[in-house]
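Commentary on secondary and tertiary structure
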Amino acid sequence: MAAPTSRLSTIARRLGQALPALFGVIVVTFLLTRALPGDPAAYFAGPAADAKSIAQIRESLGLDRPLPEQFLLYLKDLARGEMGNSISTGQPVAEELIRRLPASLELTFFALLLSLAIAVPMGVLAATHPGKPIDHICRFIVTAGVSLPTFFTGLALVFVFYYLLGWAPSPLGRLDFAYVSPPTVTGFYVIDALLIGDLETAWAALAQLTLPAITLALFTLAPLARMTRASMLQVLSSEFIRTARAAGLSGATVLGTYAFRNAVLPVITTLGMVFSFTLGANVLVEKVFAWPGIGSYAVEALVVSDYAAVQGFVLSMAVLFVALNLVIDILYTLIDPRIQLDD
Amino acid sequence: MSPDATNFGKTIMEPDKKTSKNLVEVDNLTVEFTTRNGIVQAVSDVSFHIAKGETLGIVGESGSGKSVTSYALMRILEANGMIASGDMVYGGIDLKNASNSTMREIRGREISMIFQNPRAALNPIRKVGKQLEDVMRQHGFATRQNAKAKAIELLKMVRINNPEDRYHSYPHELSGGMCQRIVIAVAIACQPRLLIADEPTTGLDVTTQKAVLDLVGELTKAQGMSTILITHDLGLASAYCDRLIVMEKGRVVESAGAADMFARPAHPYTQKLIRATPRLGADIRDLLPEDAEPRTPSEPKAPAVHPEGQPLLQVTDLVKDFPLKAPVKKLRDMFKTAKAPDDEPTVFRAVDTLNMTIDYGESVGLVGESGCGKSTTSSMVMRLLDPTSGSIVFDGVDIGAMPAKDFATSEYRSKLQMVFQDPTDSLNPRFTARQSIADPLFRLGGPEVRRDADRRVARLADMVGLPKSLLERFPHQLSGGQKARVGIARAIALDPKLLILDEPTAALDVSVQAVVLNLLLDLKDELDMSYLFVSHDLNVVRLLCEKVVVMRGGRIEETGETEALMSNPQTEYTRMLLSAIPHPPEMAA
């Protein structure tokens, strides 16, 4: 690299490098959806339709044309920012994704915040007392969290906190029927309600969010806590920690400023991975709590071979994944001066 | 920290003047480690004392317990280590029974420590200035308001140029010598009365070593500090210490004044150590213990007929440029479009029109400080790195023209081999010694060689003096010297003509170094090899090489016959290199 280039162009180049991968994703999803058993035209026509009307519908959907032509038409639509209409709901896919994505994002963000708040202190405690009871307790908790299936913990939580104790609201979506959803700014109900100063709605949205978020958080505790422990153990045995101790620095400074900041990098990487798989894969939690997220949307679309919806879902996940990785790389450079945002 | 705590620390740490004039007294200290194989005694019955302002050297080879002794004194032993018995008193305070909070007061404030491997001893993601502030603020030596000024003052004190800029540097942006100055600054930040330096110059080249030790000497003298210098290098210890104790296997075997010890070493172990230390006027064979069994040389190879008037290696006008990386930028610069000034050079010339020759059967030393281009040169000769321009003619063939990536499969690969600096890191941890030695036979040898591999490995092990029973062991089950032998056996497995030795003994104890150097000398004659010996230690180079090339800033500073160059250096730089070698007191003959 001869002349230094600005960070902004580095980021632009990184995004540019993701384009071939995204194109690959488009091709593979397109082919896979076509290879799936099931005929969307037959589904759309309904059980009473005869062969003739199915053929008619197939023609109107454009499914009778050769695959390459279908693909080119799809690309043309994408270039115009259109993802087509869902055959099961009749709505434009892009609109539905934009409506449902914030629901999933809000749930995942909140769940991961919760998970981090528990997992990181637990991992640090376990690392500072290896082999002691506290270490074993942490190991037990995270093992239990990851072994219990989310639909089970979800149902158990609903049973206890909604049915038995009555502390939680009914597990039916993002907001109780009694409230009006706040005007969309971020798409996160809690934040949007706070923005217009509607504390009551914000509280209601938060109450709806709590149980599914706990369910998801329990499941994601394990990777985060274990990575924190392993990474802390490694850093604590390094030479600069010995130097800090030999200089008489207090336990808090050694642990926080010296050990934890160095140990946090692998935790962030893990967080990124956990985030991306939780976002699209928490279908079961969404089902149990009737959460209108993209995971359940994608599964429903897949069941009826709703090509446009499945393709739209995979593509938007791929874009999110690229953006997430970039954010993580930028975070890295903020924490570790040795790492530069290079390509 | 509350002001009370500081005052408390100061009052209890005022040494009791009546009891003793010694700052530290250690009596019958025994340190034990709990390991999987039961309890291991790392330090047994060690006693010593240090007077105010005195410099004590603790000398010993790896495993002698010298570092553990100092860790015990500061009570920073690993979790599985414990002080089993004995007393440690610092200025009237019983260190063995002091509470953890008292110990935290003492560390850094009263007793502080300098470590080996300075880069790893600093927090890699914290500005060095901040790390200085952390220590000073911990012990109440600075407040939030004046910490930065005081940190910069400290940086000045350890002679760091541009201290205002360096305050914002991270350890990876500084050289090893600079990092060690920072570590020293951390150690002296709170004006402790005892400074423990644990191998402070391992891995630094001689001139930096001298600068660092001179600095420590001056600072401690100016502040009246006592010092413990822990080292494996007797020469170094005797040049900088008032008194020495020698440790072997956890015990103190001898204790005497520095000059006395060199003049009249009483204990056989001390005698062996002194013997093995490379020094002026000593021959390579002198380094071995007198009662050492002579090595049985294997049958010398019939010397090949060498082409007349043609050297084995001829390097002509060798140049290596590295592209310069863009300056490190911060996130806040992210949205600014910065353009490089046009006059900034875009390449760094690591090696600049270098010429040298190595004759058949000759050993040439390549000497210089770190960053002088000696490693780049050896990598190019070794054909691991492509030169920018120039030629490398080996045995009549221009191997410099072959791309490095193709050279691995070339027939010349086996003729050009290398022994690496770190005997541990350069062995595959999943390979046994036998597999490591046999590896080149299988990769580069023909079918005949491969069929014969077992016998050849056995013969190679014989040649390098590696007992056959060790051949099935993994690197972590071998000692440093044994690993060095495996590395050498691997390098000579295919009868190379030129062996590049990259500081092959830098990580070894002096007595092991003596044996390995002698082994290398024997093998050279037996196998009719030439050596390119890369090192920063002129004393070691002198033992093995007939010719020396001194490099500086990518260029050759001086070249000549070893003895002539060392007794009568022509350039100021060579004189400086020579004078940086610590000179122990003359040994009684």
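Described below are features of the structure shown in this document. All residue numbers refer to positions counted from 1 along the written sequence of the respective chain. Whichever chain is written first is A, and whichever ligand is written first is 1; the rest continue in order. Owing to the predicted nature of the model, reporting of local features is limited to residues with pLDDT of at least 70; listing and counting of side-chain atom pairs is limited to 80 or more, with chain, interface and lining totals taken over all residues. Computation of side-chain values: all heavy atoms of the structure, hydrogens and water removed.

**Side note on the overall build of chain A**
Secondary structure elements follow DSSP: runs of H or I no shorter than four residues count as helices, runs of E no shorter than two count as strands, and numbering proceeds from the N terminus. What chain A contains, in helices and strands, is 14 helices and 0 strands. Its helices and strands in sequence order give chain A the pattern α-α-α-α-α-α-α-α-α-α-α-α-α-α, from N to C terminus. Principal-axis analysis of the C-alpha atoms places the extent of chain A at approximately 85 × 65 × 40 Å. The buried share of chain A, reckoned over its 343 residues, is 45%. Within chain A, contacts between residues separated by at least 24 positions form 72% of all contacts whose residues are at least 6 apart in sequence. Only the protein chains shown count as cover for residues, with accessible areas throughout obtained via the Shrake-Rupley method and a probe of 1.4 Å. Put simply, chain A shows about 16,800 Å² of open surface, and 71% of that area lies on carbon and sulfur atoms. Burial classes follow relative accessibility: with a 1.4 Å probe on protein chains only, a residue under 20% of its type's maximum area counts as buried, one over 50% as exposed, and anything between as partly exposed. Between two residues, a contact is recorded if the distance between any of their heavy atoms is within 4.5 Å.

**Observations regarding the overall build of chain B**
A count of helical and extended segments in chain B gives 21 helices and 20 strands. The proportion of buried residues among the 589 residues of chain B is 53%. For chain B, restricting intrachain contacts to residue pairs at least 6 apart in sequence, the fraction spanning at least 24 positions comes to 71%. For chain B, the accessible area works out to roughly 26,300 Å², and carbon and sulfur atoms hold 50% of it.

**Re the sheet that holds strand 17 (residues 498-502) of chain B**
Residues and elements named next belong to chain B. In space, the 6 strands of this open sheet follow the order 16-17-18-13-19-20, with mixed pairing throughout. The sheet is open, and its two edges are formed by strand 16 (416-419) and strand 20 (555-561), each paired on a single side. Adjacent strand axes in the sheet meet at a mean angle of 20° when their direction is disregarded. When strand 17 meets strand 18 (residues 530-535), the two strands line up parallel, connected through 5 bridges. Looking across to strand 18, one finds that Leu 499 is bridged to Tyr 531. Geometry is summarised by axes, namely lines fitted to C-alpha atoms with helices restricted to the contacting stretch, and by angles between N-to-C directions that run from 0 to 180 degrees. Relative to strand 18, helix 18 (residues 510-527) is tilted by about 155°, and along the sheet it contacts strand 13 (363-367), strand 17 and strand 18. In this analysis, strands are considered paired if DSSP registers two or more bridges between them.

**Overview of unusual backbone geometry**
Residue and element names in this part refer to chain B. Positive phi values are uncommon outside glycine, yet Arg 75 reaches one of about 55°. Residue position: Arg 75 is located in the loop between helix 2 (66-74) and strand 4 (81-90). Exposure remark for Arg 75: the relative accessible area of 22% places this residue in the partly exposed category.

**Digging into the side chain of Thr 207 of chain B**
Take Thr 207 of chain B: it is sitting in helix 8 (residues 206-223). Not counting residues up to four positions away in its chain, the partners in contact with Thr 207 of chain B are Glu 369, Met 576, Leu 577 and Ala 580 of chain B.

**A word on a nonpolar patch on the surface**
Residues and elements named next belong to chain A. There is a patch of nonpolar side chains on the surface, built from Phe 159, Val 160, Tyr 162, Tyr 163, Leu 164, Leu 165 and Trp 167 and spanning about 780 Å² of accessible area. Mapped onto the elements, Phe 159 comes out in helix 7 (residues 150-164). Given a relative accessible area of 44%, Phe 159 falls into the partly exposed group. To count toward a patch, a residue needs a relative accessible area over 30% and no salt bridge; like charges are then connected within 9 Å, while nonpolar side chains (Val, Leu, Ile, Met, Phe, Trp, Tyr) are connected within 5 Å. What makes a salt bridge here is a side-chain nitrogen of Lys or Arg within 4 Å of a carboxyl oxygen of Asp or Glu, nothing more.

**Here's the deal with the sheet that holds strand 15 (residues 397-398) of chain B**
Residues and elements named next belong to chain B. Spatially, 4 strands are ordered 12-11-14-15 in an open sheet, and the strand pairing comes out antiparallel. Each edge of the open sheet carries a strand with a single partner, namely strand 12 (347-358) and strand 15. Relative to strand 14 (residues 389-394), strand 11 (residues 313-323) runs antiparallel, the two being bridged by 5 bridges. Opposite Thr 316, over in strand 14, you have Ser 391 as the bridge partner. The sheet strands contacting helix 12 (residues 374-381) are strand 11, strand 12 and strand 14, and the helix crosses strand 11 at an angle near 120°.

**Here we look at the packing of helix 14 (residues 433-444) of chain B against helix 17 (residues 480-491) of chain B**
Helix packing geometry: the angle between the two helix axes and the distance between the axes. All names here are of chain B. At a minimum axis distance of 8 Å, the contact between helix 14 and helix 17 shows a crossing angle of 25°. By the angle between their axes, helix 14 is roughly parallel relative to helix 17. The element helix 14 and its partner helix 17 pack so that their crossing is right-handed. Seen from helix 14, the contacting residues are Ala 433, Ser 436, Ile 437 and Pro 440; seen from helix 17, they are Val 486, Ala 489 and Arg 490. Convention used here: angles under 35 degrees read as roughly parallel, angles over 145 as roughly antiparallel, angles from 65 to 115 as roughly perpendicular, and any remaining angle as oblique. For any helix crossing, the convention is left-handed if the near helix is rotated counterclockwise from the far helix by under a right angle, and right-handed if that rotation is clockwise.

**Re the pattern of salt bridges**
Note on pairing: side chains with opposite charge can pair once their charged atoms come close. Residues and elements named next belong to chain B. Under the counting rule described, the total for this entry stands at 32 salt bridges over all chains. Here Asp 321 makes a salt bridge to Arg 349, at a shortest N to O gap of 2.8 Å. One end of the pair, Asp 321, is in strand 11; the other, Arg 349, is in strand 12, with 28 residues separating them in the sequence. For Arg 349, a relative accessible area of 41% corresponds to the partly exposed category.

**Things to note about the packing of aromatic side chains**
When the centres of two rings from Phe, Tyr and Trp lie within 6.5 Å, Trp using its six-membered ring, the rings pair. Their planes under 30 degrees apart give stacked, over 60 give edge-to-face, and anything left gives tilted. Evaluated as defined, the whole model comprises 7 aromatic pairs over all chains. Between Phe 23 of chain A and Phe 71 of chain A, the ring centres sit 6.4 Å apart and the planes meet at 70°, which makes this aromatic pair edge-to-face. A residue pair is termed long-range when its members are at least 10 positions apart, and Phe 23 of chain A in helix 1 (residues 7-35) and Phe 71 of chain A in helix 4 (residues 67-79) qualify at 48 residues. Among the residues examined, Phe 23 of chain A registers a relative accessible area of 44% and is labelled partly exposed. Look at Phe 71 of chain A and you get buried, because its relative accessible area is 15%. Ring centres 5.9 Å apart and planes at 50° place the aromatic pair Phe 109 of chain A and Phe 188 of chain A in the tilted group. Placement of Phe 109 of chain A in helix 5 (residues 93-128) and of Phe 188 of chain A in the loop between helix 7 and helix 8 (189-195) is noted, with a sequence separation of 79 residues between them. Overall, Phe 188 of chain A belongs to the buried group, its relative accessible area being 15%. An aromatic cluster is present here, built from Phe 23, Phe 30, Phe 71 and Tyr 74 of chain A joined pairwise through their rings. The ring of Tyr 189 of chain A carries the charged tip of Arg 174 of chain A above its face, separated from the ring centre by 3.9 Å. Think of it as a cone above the ring: NZ of Lys or CZ of Arg counts as a charge over the ring if it is within 6 Å of the ring centre and within 35 degrees of the ring normal. Lys 320 of chain B extends its terminal NZ or CZ atom over the ring of Phe 322 of chain B, reaching a point 5.4 Å from the ring centre.

**Focus on the nonpolar core**
Remark: nonpolar core denotes a set of buried residues (Ala, Val, Leu, Ile, Met, Phe, Trp, Tyr, Cys) joined through side-chain atoms within 4.5 Å. Grouped together as the largest cluster of nonpolar side chains are 164 residues, with contacts concentrated most on Leu 194 and Leu 544 of chain B. Tallying contributions element by element places helix 18 of chain B first for this core, with 9 residues. Counting 33 residues, the second largest nonpolar core, distinct from the first, contains Leu 78, Ile 268 and Ile 335 of chain A together with Ile 125 of chain B.

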